[in-house]
Amino acid sequence: MTNVTDEELLQASADLRVALGRLIRRLRQGYVAGELTLPERSVLSRLDREGPATPGCLADLERVKPQAMGVTLAGLVGRGLVERRKDDSDGRKVLMSVTEAGIKLLTDRRSRTTRLMAAALAEKFTAAEQRELAAAIPLIERLADEL
């Protein structure tokens, strides 16, 4: 197996940035009122995967200002998707955790955007390509966490 050169890594990074930017713009264009926004989905998914966290920790992990995280969390709490509770180990801290309704929404495959993406994958990508994309998701998430 050959090592990837610095130049190849720079080119791959530039290409990935452009591709992800296009994908995000397309996802934002397809937003329908009532569906989760990208920041809401990201926070909800993180809480589901990693467990309860403080608002400050979430802001750091999502790389947003605490005020922006407050707005995102307020929307999720208002919809009953996330709940606040006191930290058992430090009563001064508040922990945010996903509710059953939040988990249900995350696993609901009926959102318009999810259906559109699934249809595009089914119709325009081979089974091998579908597996490659699925395998790349944890790597893309890890990259996002490292930036």
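Further up the page is the structure itself.
In what follows, the accompanying structure is described. No experiment lies behind these values; they were computed from the predicted model shown.

Some points on the pattern of salt bridges
Taken as a whole and judged by the stated rule, the model has 6 salt bridges. Among the salt bridges present, the one from Glu62 reaches Arg46, with a minimum N-O distance of 2.7 Å. With a gap of 16 residues between them, Glu62 in helix H3 (residues 55-62) and Arg46 in helix H2 (residues 38-50) connect regions that are remote in the sequence. For Arg46, a relative accessible area of 6% puts it in the buried group. In this structure, a network of salt bridges that share partners links the residues Arg46, Arg49, Glu50, Glu62, Glu141 and Asp145.

Some remarks on the environment of Leu58
Of note, Leu58 is situated in helix H3. For Leu58, a relative accessible area of 0% corresponds to the buried category. As for Leu58 and Ala118, which are separated by 60 residues in sequence, their C-alpha atoms are 29 Å apart. Those residues in contact with Leu58 that lie beyond four places of it in its chain are Val43, Arg46, Leu47, Ala53, Met69, Leu73 and Met96.

Considering helix H4 (residues 66-78)
For H4, with 13 residues, the first-to-last C-alpha span of 18 Å sits near the 18 Å given by 1.5 Å per residue. By the burial criterion, the buried members of H4 are Met69, Thr72, Leu73 and Leu76. Along the axis of H4, the buried positions cluster into a sector of 95°, meaning they face one direction only. Facing away from the buried side of H4 by more than 90 degrees, the exposed set consists of Gln67, Val71 and Gly78. Buried residues along H4 sit in contact with H2, H3, strand E1 (82-86) and strand E2 (94-98). Positive backbone phi, approximately 75°, marks Gly80, located one or two places after H4.

As for the packing of H3 against H4
The contact between H3 and H4 brings their axes to 9 Å, and the two run at 110°. By the angle between their directions, the pair H3 and H4 is classed as roughly perpendicular. Along its contact with H3, which presents Pro55, Leu58, Ala59 and Glu62, the element H4 presents Pro66, Met69 and Leu73. Each residue belonging to the contact of H3 with H4 can be placed in one class, and the counts come to 6 nonpolar, no polar and 1 charged.

Digging into the nonpolar core
Ranked by size, the top nonpolar core spans 15 residues in total, and within it Val43, Leu44, Leu47, Leu58, Leu73 and Val82 carry the most contacts. Beyond its immediate chain neighbours, meaning those up to four positions away, Leu44 contacts Leu36, Leu81, Val82, Val98, Gly102 and Leu106.

A word on the packing of H2 against helix H5 (residues 100-107)
The relative placement of two packed helices is expressed as an angle between their axes plus a distance between the axes. Interaxial distance between H2 and H5 falls to 10 Å at its minimum, and their mutual angle equals 110°. Overall, the two elements H2 and H5 adopt an arrangement that is roughly perpendicular. Two packed elements cross with a definite hand, and for H2 against H5 that hand is left-handed. Of H5, the residues touching H2 (which contributes Arg41, Leu44, Ser45 and Asp48) are Gly102, Ile103 and Leu106. Split into classes, the residues belonging to the contact of H2 with H5 amount to 3 nonpolar, 2 polar and 2 charged.

Quick notes on the pairing of E2
Judged by how many residues are buried, E2 sits mostly within the fold: 4 of 5 residues are covered. Both E1 and E2 contribute to a ladder of 5 bridges, which runs antiparallel. In the sheet register, Val82 faces E2, and the bridge partner there is Val98.

Parameters at a glance
- Residues numbered from 1 in each chain as written.
- Predicted model: local features only at pLDDT ≥ 70, side-chain atom pairs only at ≥ 80, totals over all residues.
- Heavy atoms only, no water.
- Salt bridge = Lys/Arg side-chain N within 4 Å of Asp/Glu carboxyl O.
- Helix = DSSP H or I, 4+ residues; strand = E, 2+ residues; numbered from the N terminus.
- Buried < 20%, exposed > 50% of the residue type's maximum accessible area, 1.4 Å probe, protein only.
- Contact = heavy atoms within 4.5 Å.
- Expected span 1.5 Å × (residues − 1).
- Arc of directions from axis to C-beta.
- Axes fitted to C-alpha atoms, helices over the stretch in contact; angles between N-to-C directions.
- Parallel < 35°, antiparallel > 145°, perpendicular 65-115°, else oblique.
- Nonpolar A, V, L, I, M, F, W, Y, C, P; charged D, E, K, R; others polar.
- Core = buried A, V, L, I, M, F, W, Y, C linked by side-chain atoms within 4.5 Å.
- Left-handed = near helix turned anticlockwise from the far one by under 90°.
- Pairing = 2+ DSSP bridges.

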